[in-house]
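# Geometric and topological summary
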Amino acid sequence: MKKALILAAALTLVPTFVAAESFENAYLQARAMYGQGAVFEWNGKQYAAVHEEEVEADIAATAENAQMMVDKAKAKNKEVAELGFEWKLTRGIIKDAESALTAGEYRKALDLAAQAKYHARMGIKQYHYAQSSWQLSVPQ
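Residues numbered from 1 in each chain as written. Predicted model: local features only at pLDDT ≥ 70, side-chain atom pairs only at ≥ 80, totals over all residues. Heavy atoms only, no water.

## Things to note about the pairing of strand β1 (residues 38-42)
Of the strand pairs in this sheet, β1 and strand β2 (residues 45-49) are connected by five bridges, and their pairing is antiparallel. Counterpart to Ala38 in the pairing with β2 is Ala49. (Pairing = 2+ DSSP bridges. Helix = DSSP H or I, 4+ residues; strand = E, 2+ residues; numbered from the N terminus.)

Written out as structure tokens, the structure is:
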């Protein structure tokens, strides 16, 4: 009985003592659990869980700013396409951003372009992971 209580207490306390091993893990955990803008602590400092593209898109919703963000998304998507790791949905999001821009929905265009740029950046990250870990996909 005593062992069971100790085990139950240990399992209850584990989540409070488990710290993220890296900033990226802490960021991803906060983002997954609490969403965009979640505040989390890592190494004694507080951070907000926002993607760099969300910060970029947090500007005045004007035609010029929306066009700039769409252009950035297209450039990043071109970069990942040249690596052969373009995600299928990214082009559609860029088209939706362009349609929103044409319709004068500048906030929507900014947000969609930011999303497309994020997907392209993740495709590049995926490419680099595949390059460094390709041997994991070879059957044993």
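Anyway, onward from the coordinates.
## A closer look at the packing of aromatic side chains
Here the structure, examined in full by the defined rule, presents seven aromatic pairs. Pairing Tyr27 with Phe40 gives two aromatic rings, centres 6.2 Å apart and planes at 80°, and the pair type is edge-to-face. Within this pair, whereas Tyr27 is found in helix α2 (residues 23-34), its partner Phe40 is found in strand β1, the two being separated by 13 residues in sequence. Just as Tyr27 is buried, Phe40 falls in that class too. Counting every residue linked through ring pairs, the aromatic cluster contains Phe23, Tyr27, Phe40, Trp42 and Tyr47. (Phe/Tyr/Trp six-rings, centres within 6.5 Å; stacked < 30°, edge-to-face > 60°. Buried < 20%, exposed > 50% of the residue type's maximum accessible area, 1.4 Å probe, protein only.)

## Thoughts on the pattern of salt bridges
Following the criterion strictly, the structure yields ten salt bridges and no others. Close ionic contact of Arg121 with Glu53 constitutes a salt bridge, the shortest N to O distance being 2.6 Å. Of this pair, Arg121 sits in helix α6 (residues 106-133) while Glu53 sits in helix α3 (residues 52-57), placing them 68 residues apart in sequence. The exposure class assigned to Arg121 is partly exposed, which follows from its relative accessible area of 22%. A relative accessible area of 1% means that Glu53 is categorised as buried. Among the salt bridges present, the one from Glu79 reaches Lys76, with a minimum N-O distance of 3.6 Å. Of this pair, Glu79 and Lys76 are both found in helix α4 (residues 63-83), three residues apart, which corresponds to roughly one turn of the helix. For Glu79, a relative accessible area of 37% gives the class partly exposed. (Salt bridge = Lys/Arg side-chain N within 4 Å of Asp/Glu carboxyl O.)

## Digging into the layout of surface pockets
It is a probe the size of a water molecule, rolled over the atoms, that shows where empty space is left. In this structure, the second largest pocket occupies an estimated 150 Å³ of space. Forming the walls of the second largest pocket are Glu24, Tyr27, Leu28, Val50, His51, Glu52, Tyr118, Arg121, Met122 and Lys125. Where the lining of the second largest pocket is concerned, the elements lending two or more residues are α2 and α6. Among the elements that make up the lining of the second largest pocket, the one with the highest residue count is α6 (four residues). Partitioning the lining of the second largest pocket into residue classes produces five nonpolar, one polar and four charged. (1 Å grid on protein atoms, 1.4 Å probe; cavity = no way out; pocket = protein on both sides within 12 Å on 5 of 7 lines; lining within 4 Å. Points joined across faces, edges and corners; volume = space filled by probe spheres on them. Nonpolar A, V, L, I, M, F, W, Y, C, P; charged D, E, K, R; others polar.)

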